[in-house]
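Breakdown of the fold
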Amino acid sequence: MNKCAIRLVMNGRLVYFIPSAFETYTPDCIPIHPSLKLVANCEQMLTRRWGRRLITMEKYRPYDPSSAAAAM
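Keep in mind it's a predicted model, so treat the numbers as computed, not measured.

Conventions adopted
- Residues numbered from 1 in each chain as written.
- Predicted model: local features only at pLDDT ≥ 70, side-chain atom pairs only at ≥ 80, totals over all residues.
- Heavy atoms only, no water.
- Helix = DSSP H or I, 4+ residues; strand = E, 2+ residues; numbered from the N terminus.
- Buried < 20%, exposed > 50% of the residue type's maximum accessible area, 1.4 Å probe, protein only.
- Lys, Arg positive; Asp, Glu negative; His and termini not counted.
- Salt bridge = Lys/Arg side-chain N within 4 Å of Asp/Glu carboxyl O.
- Phe/Tyr/Trp six-rings, centres within 6.5 Å; stacked < 30°, edge-to-face > 60°.
- Lys NZ or Arg CZ within 6 Å of the ring centre and 35° of its normal.

Turning our eyes to something else, we now look at the side chain of K59. In this fold, K59 is placed in strand β3 (residues 50-59). For the buried K59, no salt bridge exists, and the shortest N-O distance to an oppositely charged side chain is 11 Å, to D64.

This is the structure in C-alpha cells:
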C-alpha cells in the first residue's frame, strides 16, 4: 500500500481484488493506509464458500512517511 500511496496523484484511485472466504471475512481484512480512504467494497460470489472483493481506494491526503510508519 505504501508504494501506491507514494505514486498515486491526489484523488487518484487504486482498484484491486482480494480473495474472500464468507465464514471468515470481516471489514478488518481490507488493508488500510493513512493516505487512502475506502470508496467501494464489492463482493462477488464464486462458490458457496469463496468469493472475491473488488476494493476501490482513493488518495485523499499527501503521503507522509511518519504517519505511514506509525500505521504499520
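Each aromatic ring pair is characterised by the separation of its centres together with the angle its planes make. Using the criterion set out here, one finds zero aromatic pairs in the structure. Across from the ring centre of F17, 4.2 Å away, lies the NZ or CZ of R52, which sits over that ring.

Once that is clear, we can look at the pattern of salt bridges. Under the definition given, this model contains three salt bridges. E23 is paired through a salt bridge with R49; the nearest N and O atoms lie 3.2 Å apart. Here E23 is found in the loop between β1 (13-21) and β2 (36-45), whereas its partner R49 is found in the loop between β2 and β3, with 26 residues between them in sequence. Measuring nitrogen to oxygen at the nearest pair gives 2.8 Å for the salt bridge that ties R53 to E43. On the criterion of sequence distance, the pair formed by R53 in strand β3 and E43 in strand β2 is long-range, its members being 10 residues apart. Note on R53: relative accessible area 8%, which makes it buried. You can call E43 partly exposed: its relative accessible area is 43%.

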